[in-house]
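Structural characterization, general
Now for the letters of each chain:
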Amino acid sequence: MWGALVAQIAADGVLVPGSAGAPVAHPALRFLAQLDAALSAHERATDTGDADPLTVMRDAARRAVEESRRV
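On a predicted model such as this, the values are computed, not experimentally measured, just so you know.

Turning our eyes to something else, we now look at helix H3 (residues 53-70). Over its 18 residues, H3 extends 26 Å from the first C-alpha to the last, a length consistent with the 26 Å expected when each residue adds 1.5 Å. Taken residue by residue, H3 has Val56, Ala60 and Ala64 as its buried positions. Across the axial projection of H3, the buried residues extend over an arc of 70 degrees, all falling on one side. Facing away from the buried side of H3 by over 90 degrees, the exposed positions are Arg62 and Arg69. In this fold, the buried residues of H3 make contact with helix H2 (29-44).

Okay, here's the thing in structure tokens:
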């Protein structure tokens, strides 16, 4: 997902034409911080003990999304 998102932004450019034709920031740029936070949380959660790694990853992603909404 991360690689595909970055590749799409690189292909389209950081600035793309907006609805009025003026350059605006690529809409996908707003997802990079959330995705990066979720991936970083997943990387830090290597020692999960008895917890299911998928559950740990989902919880970390949810926390990252909630945190981004507070900003």
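Still more to cover.
All right, on to the side chain of His26 then. Here His26 lies in the loop between strand E2 (23-25) and H2. Residue class for His26 comes out buried when judged on its relative accessible area of 9%. Reaching out from His26, the side chain makes a polar contact with the side chain of Asp12 at a distance of 2.9 Å. Beyond its immediate sequence surroundings of up to four residues, His26 is in contact with Gln8, Ile9, Asp12, Gly13, Val14 and Val16.

Cut-offs applied
Residues numbered from 1 in each chain as written. Predicted model: local features only at pLDDT ≥ 70, side-chain atom pairs only at ≥ 80, totals over all residues. Heavy atoms only, no water. Helix = DSSP H or I, 4+ residues; strand = E, 2+ residues; numbered from the N terminus. Expected span 1.5 Å × (residues − 1). Buried < 20%, exposed > 50% of the residue type's maximum accessible area, 1.4 Å probe, protein only. Arc of directions from axis to C-beta. Contact = heavy atoms within 4.5 Å. Polar contact = N/O pair within 3.5 Å; in protein donor to acceptor, adjacent residues only side chain to side chain.

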